[in-house]
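Summary of the model geometry
Residues per chain, in single letters:
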Amino acid sequence: MWKLIDLLVYKLALSVSRDGCEGSHEHDKTEHICGRPLGLCFNQTSGDLYIADAYMGLLIVGPQGGLATEVVTRAHGIPFGFTNALDIDQEPGAVYFTDSSSQYQRRNYISVILSGDKTGRLMKYDPESKQVQVLLENLSFPNGVALSKNGDFILLAETTHCRIMRHWLKTPKAGTFQVFAQLPGFPDNIKRSPRGGFWVAIHSRRLWILKLVLSYPSLGNALLKLPLDITKAYSYVAKWTGNGLIIRLSEQGVILEMLEDTSGNRWKSISEVVEKDETLWIGSVTMPFAGKYKI
Ligand SMILES: *[C@@H]1O[C@H](CO)[C@@H](O)[C@H](O)[C@H]1NC(C)=O
Ligand SMILES: *[C@@H]1O[C@H](CO)[C@@H](O)[C@H](O)[C@H]1NC(C)=O
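Presented here is an overview of the structure given in this document. (Residues numbered from 1 in each chain as written. Chains lettered and ligands numbered in written order. Predicted model: local features only at pLDDT ≥ 70, side-chain atom pairs only at ≥ 80, totals over all residues. Heavy atoms only, no water.)

Here we look at the packing of aromatic side chains
One pass over the structure, following the stated rule, counts seven aromatic pairs. Taken together, a centroid distance of 5.4 Å and an interplanar angle of 85 degrees make the contact between Phe80 and Phe97 edge-to-face. In this pair, Phe80 is assigned in the loop between strand E6 (78–79) and strand E7 (83–89) and Phe97 in strand E8 (residues 94–99), connecting sequence segments 17 residues apart. One exposure class covers both Phe80 and Phe97, and it is buried. Taking 5.2 Å as the distance between ring centres and 65 degrees as the angle between the ring planes, the aromatic pair formed by Phe153 and Trp168 counts as edge-to-face. In this pair, Phe153 sits in strand E12 (residues 153–158) while Trp168 sits in strand E13 (residues 163–168), placing the two residues 15 residues apart along the sequence. There is no split in this pair, since Phe153 and Trp168 are both buried. Of the aromatic side chains, those joined through ring pairs into one cluster are Phe153, Trp168, Phe180 and Phe198. Positioned over the ring face of Phe153 is Arg166, at 4.7 Å from the centre of the ring. (Phe/Tyr/Trp six-rings, centres within 6.5 Å; stacked < 30°, edge-to-face > 60°. Helix = DSSP H or I, 4+ residues; strand = E, 2+ residues; numbered from the N terminus. Buried < 20%, exposed > 50% of the residue type's maximum accessible area, 1.4 Å probe, protein only. Lys NZ or Arg CZ within 6 Å of the ring centre and 35° of its normal.)

Observations concerning the site of ligand 1
Within the structure, ligand 1 sits among Asn43, Thr45, Ser46, Tyr50, Ile88, Val95, Pro127 and Glu128. Side-chain polar atom of Tyr50 to an oxygen atom of ligand 1: 2.7 Å apart, as the coordinates give it. Protein contact buries 67% of the 360 Å² of open area that ligand 1 shows by itself. Across the shell around ligand 1, the residue classes break down as four nonpolar, three polar and one charged. (Near = heavy atom within 4 Å. Polar contact = N/O pair within 3.5 Å; in protein donor to acceptor, adjacent residues only side chain to side chain. Areas by Shrake-Rupley, 256 points an atom, 1.4 Å probe, with all protein chains shown as cover. Nonpolar A, V, L, I, M, F, W, Y, C, P; charged D, E, K, R; others polar.)

A few points about the side chain of Ser100
On the secondary structure map, Ser100 appears in the loop between E8 and helix H3 (109–114). On the accessibility criterion, Ser100 (0% relative accessible area) is buried. In this structure the side chain of Ser100 is engaged in a polar contact, spanning 2.9 Å, whose partner is the side chain of Asn84. Reaching out from Ser100, the side chain makes a polar contact with the backbone oxygen of Pro142 at a distance of 2.7 Å. The contacts of Ser100, once residues within four sequence positions are left out, are Phe82, Asn84, Val112, Asp117, Gly120, Phe141, Pro142 and Asn143. (Contact = heavy atoms within 4.5 Å.)

Right under this line is the structure:
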């Protein structure tokens, strides 16, 4: 009897996955089919997990897990092309998330930068009305987002321009949008620090070659026409020149701390830093492990 139940549970477990997406496989070949979750955040009341999946839009899964279901996949009639990061205002309950581009997929993220793409958007999803609102559009690779402690403003990483933007949600400044901090590299996710301020993960320093390309947009588009996989080529360059880099910004956007791995080039393409109990938990786009750093 127990064997049978085990088998049933196993079958149930299988039916909550997508065909061909079990086990190990080459992620960059299957991610557009199997999905690639980039942003995660819990609803602290219900235990539901919201997921920003690069290919599937905004998803949700219950506290027991299982196959995530779609929440929203488009806004103003335009489908999301590269859903990226999210944060939740727990009270009154709103999900803020980014679509990095409606033209390029995550697999071609370097093209978003090289082409000077400006189709990125910041959205707000209201779970009560189930409506999605576009707060900002025409952004250049909007990436990580983080709400301030009291929800007065939201920070947004604009990866192409190596900067963090601030969008005011409350106070008389509501609706305004300004530069919060200029950075020495391409920012990925932003997380609030329990000591105040925000941790920003830096994908890579801004290499001289990209600086050149970004000052001449036509050069970027010419590179994109070359018969080579530009994202692969760039990762190759970054592998030899990139050190892991993370930055803590104050509530005013001043750089407070900067940690860089200059030793053995073991840390690279950092995607996220979460601080808890004097420990930093560090994720990466390319490293097959998570890092732990005592501060
Ligand atoms: C979180 O869950 C509570 C209780 O189910 C619900 O009232 C609230 O709207 C949810 N918030 C979000 C962002 O989904
Ligand atoms: C965004 O760009 C489109 C096309 O260039 C333009 O029509 C629209 O007004 C822009 N939106 C904002 C908010 O600037």
